[in-house]
Amino acid sequence: MILHAVVRRPYALVLLPVPVFGPPVRFFASHRGRRGAGGLLGQGVLEEFGTFSSPIFLAPEPLLGMVYDFGLALAAERDSEMPLHTGWPALCLGIDGKAPRPGRAWEAELRSALVAVRPGTRSGK
């Protein structure tokens, strides 16, 4: 899979296989874990349909729920019914590492960064 873009922030790394508000595109995928599902959220669509079309968020485990909630809000903004056949909600993977405290406007800033990227770009702070 060739990525549309990568957005890096201190609290998350976001892999965009397609534009956030682009047309639905489905990729086939699977996963296997060794530690259970504690460090993975949003995998239900992947497990049931074997597909995804959402961004992939990598974030320190202590921030994973917060980042997943952001992904749900983004999915609802994209399509308020969040149909499973389009591969949403976002896939979120917990990683080891320090969990920096995001600023108050982190959601608006991350949303703007995700929408503003051009194909093949890497955006980071």
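Look above for the structure.
To keep things clear, this report deals only with the structure shown in the data block. (Residues numbered from 1 in each chain as written. Predicted model: local features only at pLDDT ≥ 70, side-chain atom pairs only at ≥ 80, totals over all residues. Heavy atoms only, no water.)

When helices and strands are counted, the chain shows 3 helices and 8 strands. Listing each helix as α and each strand as β along the chain from the N terminus yields β-β-β-β-α-β-β-α-β-α-β. Taking all 125 residues of the chain together, the buried fraction comes to 43%. In the chain, the share of contacts with a sequence separation of at least 24, taken over all contacts with a separation of at least 6, comes to 74%. Surface accessibility of the chain: about 7300 Å² in total, with carbon and sulfur atoms responsible for 55%. (Helix = DSSP H or I, 4+ residues; strand = E, 2+ residues; numbered from the N terminus. Buried < 20%, exposed > 50% of the residue type's maximum accessible area, 1.4 Å probe, protein only. Contact = heavy atoms within 4.5 Å. Areas by Shrake-Rupley, 256 points an atom, 1.4 Å probe, with all protein chains shown as cover.)

With that settled, consider empty space enclosed by the protein. Over the atoms rolls a probe the size of a water molecule, and its path tells where empty space is left. Counted according to the given criterion, the structure contains 1 cavity of 30 Å³ or more. In this structure, the largest cavity encloses a volume near 40 Å³. Along the walls of the largest cavity sit Leu16, Pro17, Val18, Pro19, Val20, Ser53, Ser54, Pro55, Arg78 and Trp88, which together make up its complete lining. In terms of residue class, the lining of the largest cavity is made up of 7 nonpolar, 2 polar and 1 charged. (1 Å grid on protein atoms, 1.4 Å probe; cavity = no way out; pocket = protein on both sides within 12 Å on 5 of 7 lines; lining within 4 Å. Points joined across faces, edges and corners; volume = space filled by probe spheres on them. Nonpolar A, V, L, I, M, F, W, Y, C, P; charged D, E, K, R; others polar.)

The next subject is the environment of Leu13. Along the polypeptide, Leu13 turns up in strand 2 (residues 12-16). Considering only alpha carbons, one finds Leu13 and Ala59, 46 residues apart in sequence, at a separation of 6.5 Å.

A few words on the packing of aromatic side chains. One pass over the structure, following the stated rule, counts 4 aromatic pairs. Their ring planes at 85° and their centres at 6.0 Å tell us that Phe57 and Phe70 sit as a pair that is edge-to-face. With Phe57 in strand 6 (residues 56-60) and Phe70 in helix 2 (residues 64-78), this pair connects stretches of sequence that are 13 residues apart. Seen in terms of ring centroids, Phe70 and Trp106 are 5.6 Å apart; in terms of plane orientation they differ by 45°. Their pairing is tilted. Of this pair, Phe70 sits in helix 2 while Trp106 sits in helix 3 (residues 106-116), and the two are 36 residues apart along the sequence. Residue Phe70 shares its accessibility class with Trp106, and that shared class is buried. Within the aromatic cluster, the residues linked to one another by ring pairs are Tyr11, Phe57, Phe70 and Trp106. (Phe/Tyr/Trp six-rings, centres within 6.5 Å; stacked < 30°, edge-to-face > 60°.)

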